[in-house]
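What follows is the residue order along each chain.
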Amino acid sequence: MWLVVLLGFCGANFPFASTRVLGFFVPPRPKTLGLRMVEMLVFYLFVGGVGLLLENQVGQIAPQGWEFYAITGTLFLTFAFPGFVYRYLFKHRDW
């Protein structure tokens, strides 16, 4: 369980920590907030897939309704808050 939580925290903050798209591609222009949100959606789906795979290894997969996705999506956005603050709200000094 903690592996999925840690992976979710890292996946939520990665778009704000990296200047590359999905960690691989160098964009022709600086990344916008919209592109970072699309990246977060991709990482949310990836972390959800890893969680589903681990749950399948343990036993039967529990049924999940819209409430599950609403809560996990909100948790993923909450996890992304430190990266957002670092990227957009801190004043970066040139030393």
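See the structure printed just above.
Draft legend 1. A look at the layout of surface pockets. Here the largest pocket is characterised by a volume of approximately 640 Å³. Around the largest pocket, the lining comprises 20 residues; the ones closest to its centre are V4, V47, G48, F68 and T72. Elements supplying a minimum of two residues to the lining of the largest pocket: α1 (2-17), α2 (33-58) and α3 (66-79). Of all the elements, α2 adds the most residues to the lining of the largest pocket, at nine residues.

Draft legend 2. Fine view of the packing of α1 against helix α4 (residues 81-89). Following both chains from N to C, one finds α1 and α4 inclined at 10°, their axes separated by 8 Å at the closest point. By the angle between their directions, the pair α1 and α4 is classed as roughly parallel. Residues F9, N13, F16 and A17 of α1 form the contact with α4, whose own contacting residues are P82, G83, F84, R87 and Y88. Residues belonging to the contact of α1 with α4 are distributed by class as follows: six nonpolar, two polar and one charged.

About the cut-offs
- Residues numbered from 1 in each chain as written.
- Predicted model: local features only at pLDDT ≥ 70, side-chain atom pairs only at ≥ 80, totals over all residues.
- Heavy atoms only, no water.
- 1 Å grid on protein atoms, 1.4 Å probe; cavity = no way out; pocket = protein on both sides within 12 Å on 5 of 7 lines; lining within 4 Å.
- Points joined across faces, edges and corners; volume = space filled by probe spheres on them.
- Helix = DSSP H or I, 4+ residues; strand = E, 2+ residues; numbered from the N terminus.
- Axes fitted to C-alpha atoms, helices over the stretch in contact; angles between N-to-C directions.
- Parallel < 35°, antiparallel > 145°, perpendicular 65-115°, else oblique.
- Contact = heavy atoms within 4.5 Å.
- Nonpolar A, V, L, I, M, F, W, Y, C, P; charged D, E, K, R; others polar.

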